[in-house]
2 protein chains.
Amino acid sequence: MELSFDGRRVRGGTAARERFYDSRGYGRPKDGGLVLAPVEAAHLLFRGDLEGVVDDAGDRLGFRDFLRRAVSEVAFLVYKDLRDRGFYLSPDGPTAFVVYPRGSGPWDETAAYRVRAVSERAPVPAAGLRELATGTGTGVLAVVDEESEVPYLGVSEPTVAGATDHELPAVEGELLADRAIAWEPPSALHERAFYGQPLDRDGEAIQLSLVEAAYLAATGTLGLEADPEAVAARGRAVEGERFDRRRRVYRTLREAGAVPKTGFKFGADFRTYAEVTSVEQLGHSERLVRVLSAGHEFDPRELALDVRLAGGVRKEMVFALVGDDGGDGEGIEWLALERLTP
Amino acid sequence: MELSFDGRRVRGGTAARERFYDSRGYGRPKDGGLVLAPVEAAHLLFRGDLEGVVDDAGDRLGFRDFLRRAVSEVAFLVYKDLRDRGFYLSPDGPTAFVVYPRGSGPWDETAAYRVRAVSERAPVPAAGLRELATGTGTGVLAVVDEESEVPYLGVSEPTVAGATDHELPAVEGELLADRAIAWEPPSALHERAFYGQPLDRDGEAIQLSLVEAAYLAATGTLGLEADPEAVAARGRAVEGERFDRRRRVYRTLREAGAVPKTGFKFGADFRTYAEVTSVEQLGHSERLVRVLSAGHEFDPRELALDVRLAGGVRKEMVFALVGDDGGDGEGIEWLALERLTP
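All values derive from a computational prediction rather than experimental measurement.

Quick notes on the rules
Residues numbered from 1 in each chain as written. Chains lettered and ligands numbered in written order. Predicted model: local features only at pLDDT ≥ 70, side-chain atom pairs only at ≥ 80, totals over all residues. Heavy atoms only, no water. Contact = heavy atoms within 4.5 Å. Buried area = accessible area lost by both parts, 1.4 Å probe. Salt bridge = Lys/Arg side-chain N within 4 Å of Asp/Glu carboxyl O. Helix = DSSP H or I, 4+ residues; strand = E, 2+ residues; numbered from the N terminus. Nonpolar A, V, L, I, M, F, W, Y, C, P; charged D, E, K, R; others polar. Axes fitted to C-alpha atoms, helices over the stretch in contact; angles between N-to-C directions. Parallel < 35°, antiparallel > 145°, perpendicular 65-115°, else oblique. Left-handed = near helix turned anticlockwise from the far one by under 90°. Phe/Tyr/Trp six-rings, centres within 6.5 Å; stacked < 30°, edge-to-face > 60°. Buried < 20%, exposed > 50% of the residue type's maximum accessible area, 1.4 Å probe, protein only. Lys NZ or Arg CZ within 6 Å of the ring centre and 35° of its normal. Expected span 1.5 Å × (residues − 1). Least-squares fit on C-alpha atoms with pLDDT ≥ 70 in both. Polar contact = N/O pair within 3.5 Å; in protein donor to acceptor, adjacent residues only side chain to side chain.

Student: Describe the interface of chain B and chain A, naming the residues involved and giving the relevant values.
Tutor: Listed per partner, the contact involves 66 residues of chain B and 66 residues of chain A. Both sides of the chain B and chain A interface together cover about 6,000 Å² of buried area, and 53% of this is carbon and sulfur. Of all residues in chain B, R121, E147 and F264 of chain B give up the largest surface area on contact with chain A, accounting jointly for 15% of the area buried on that side. Linking chain B with chain A are 24 salt bridges, by the criterion used here. Top contributing element to the side of chain B that touches chain A by residue count: helix α10 (residues 300-312) of chain B, with 7 residues. Each residue belonging to the side of chain B that touches chain A can be placed in one class, and the counts come to 27 nonpolar, 8 polar and 31 charged.

Printed below as a string of structure tokens:
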């Protein structure tokens, strides 16, 4: 069976529709016949189900010629991988697919996954990930690595919430170069609300990170000789605008009832605890949070690294994308990524 | 006991020298007396071994005032942590230390570690890490995180070498957008020399990553209709200069007898095998390699992430720092980092 290729689509008649669409979910029916996207035709050619397609010049193209001329091989490799896993799927643009639940196909209306295929080497703008996070079915980034294996990353919008709430009395502190110290704080500061860390095992002094100190100073809990803005200036001196982004994310998390602490050991900005009643009964932190600007372009390797490490320590990897529009918690978009196996 | 502080150093007499230097390794002797760096005096004040130091104006400074006025608290926290671990150490600049082997001290000449203290928040230029990699004793980056815990990262210069060597016959291939395909290659290409990956389980076609294709084309093994430089141009189109850096590192590794394959799953540029005789008997890859420009500034969180992930999969984390001086393997500096516990 040979179909025709007009440079954009591959077309066939009733027999092709019956054979490829009705029974195996390739293409879409039109006027009783069949229209295939190039990646679908490439897969049929690759499998030998089609011998060739004939272009407008009357030339017959086999798999190799057709792949070179008409198809992104990154899209082809993802299409092939999902077919190999037993899914039917429909192209939704040159490198995107709607994947139907197993046992279902394009004649149904449901979608299990919306998949976007990218190369290991191609940067992914944050906006592209945000787009994947909304819609029916799970948004998935399919990264074709240099060995053409395809790790899948599920993208979703996490709910930022927690159940931590403590009333704190006023605390006096002192601003140092890279942190603040509360020399004689109320014990609730650390032991209940989990701010800071003891300076020494036996002492009562609590050191606060600059981001904690900036938050506590801004909310009026921490009294410093320095102006609250001086804390932020100290933070910016080393980190620049990044400090302000981290401060906004910190505040948003605290206000939502979650407790952010440094995620340094995990290579993240924060690890977060949804509910802290006391440090003695501290549970497992559930999330790792990386703070980025809303315009960030992800290197897929970064994503792979973060998601893999988070998975290894059984935490959810969350990205906080901070816009420029200065709002308090507004202007932050949240994305959760996890490795998944379709 | 009160010592004097001239704004730079803390000084004491014979009794101070005997008590602090001779028996406990603080400071250095001078003219029979003792000279302490501020961080050493701060530690003695913190422990209560000194009640105060007297400045030029005759004011008596306790720990809190002295810390604020004279000492980087990042340096203090590292100094304290190493003392708590049972080491004697001497300041070597405001945030660097020479650490003596356990049971030894400044009266000996040996150094176990050369430690540089940085904040979690402060970028570390590649040049600073390179400096740590050379000298007597292990170079160590001590990162003070926002909770004032101190992970230690050992820095060294790895030997880039391997024992892989295969003669390959000429291979014909075709350049696609994001990889090349050798449709009917000699089986040794993949099965012995471990280039590329089969396009399909049963087929003989081998897909090559652009970095593999660029190397094989440049060495004359891979014949393409396209010019070898066209492969590099294809790589640069997506990755820019980064592709050239990766290509140089790839070539250097191959020429040294190591086999680099994508490190994507580990968030790295390459994983490497020191010796590949056949793909069937493939061992464990020993290293992860991240390719960076020589002028890169490391965010300590990146380092923590890479080193932690590499440790978790029992591989050595190696950074290839690629200079602009275009040499073949020249102009690349190698650094290995690992978590260590002094």
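Having seen the structure, we can now continue with the description.
Student: Before we move on, could you go through the packing of helix α2 (residues 38-47) of chain B against helix α3 (residues 63-70) of chain B and cite the residues and values that matter?
Tutor: Residues and elements named next belong to chain B. With their axes 9 Å apart at the nearest point, α2 and α3 run at an angle of 160° to one another. As judged from the angle between their axes, α2 and α3 are roughly antiparallel. You can see that α2 and α3 cross each other, and the crossing is left-handed. Counted together, P38, A41, A42, L45 and F46 of α2 and F63, F66 and A70 of α3 form the full contact between these two elements. In terms of residue class, the contact of α2 with α3 is made up of 8 nonpolar, no polar and no charged.

Student: Describe the packing of aromatic side chains, and please don't skip the residues or the numbers.
Tutor: All chains considered together, the criterion is met by 30 aromatic pairs over all chains. Considering the side-chain rings of F5 of chain A and F66 of chain A, the 5.0 Å spacing of their centres and the 70° angle between planes classify their relative orientation as edge-to-face. Of this pair, F5 of chain A sits in strand β1 (residues 2-5) while F66 of chain A sits in helix α3 (residues 63-70); the two residues are 61 residues apart in sequence, bridging distant segments of the chain. A relative accessible area of 0% means that F66 of chain A is categorised as buried. Ring centres of F87 of chain A and Y113 of chain A lie 6.0 Å apart, and the angle between their planes is 80°; this geometry places the pair in the edge-to-face category. Residue F87 of chain A is found in the loop between α4 (73-84) and β7 (89-91), and its partner Y113 of chain A is found in strand β9 (residues 113-119); the two are separated by 26 residues along the sequence. Residue classification places F87 of chain A among the buried positions, given a relative accessible area of 3%. Overall, Y113 of chain A belongs to the buried group, its relative accessible area being 17%. Here the basic side chain of R83 of chain B rests over the ring of Y26 of chain B, its NZ or CZ set 3.7 Å away from the ring centre. Residue placement shows R254 of chain B over the ring face of Y195 of chain B; its charged tip is 3.7 Å from the ring centre.

Student: With reference to specific residues and values, describe helix α9 (residues 241-255) of chain A.
Tutor: Residue and element names in this part refer to chain A. Given a rise of 1.5 Å per residue, 15 residues ought to cover 21 Å, and the 21 Å separating the end C-alpha atoms of α9 matches this to within 8%. Restricting attention to buried positions, one finds in α9 the residues F243, R246, R247, R248, V249, Y250, T252, L253 and R254. Once α9 finishes, G257 follows within two positions and takes phi at roughly 95°, a positive value.

Student: Account for the relation of the copies chain B and chain A, with residues named and values stated.
Tutor: Turning chain B through 180° and shifting it by 0.0 Å along the axis lays it on chain A, with an RMSD of 0.0 Å. Considering both components of the superposition, the chain copies are consistent with a two-fold axis. Across chain B, the smallest distance between a C-alpha and the rotation axis is recorded for L309 of chain B, namely 3.2 Å.

Student: Describe the side chain of E73 of chain B, listing the residues and the values that go with them.
Tutor: By the secondary structure assignment, E73 of chain B is in helix α4 (residues 73-84). For E73 of chain B, the side chain forms a polar contact with the main-chain nitrogen of A177 of chain A, separated by 3.4 Å. Here E73 of chain B is in contact with L176, A177, D178 and R179 of chain A together with L67 of chain B, once residues within four sequence places are set aside.

Student: Go over the pattern of salt bridges with me, naming the residues and quoting the values.
Tutor: Applying the stated rule across the entire model yields 72 salt bridges over all chains. Taking the shortest distance from any N to any O, the salt bridge between K80 of chain B and D200 of chain A comes out at 2.9 Å. Here K80 of chain B, found in helix α4, pairs with D200 of chain A, found in the loop between β15 (197-198) and β16 (206-209), and the two come from separate chains. Sharing partners across several salt bridges, the network here consists of E73, E120, R121, E146, D299 and R301 of chain A together with D178, R179, E239, R242, R246 and D269 of chain B.

Remember, this is a structural readout, not a statement about activity or role.
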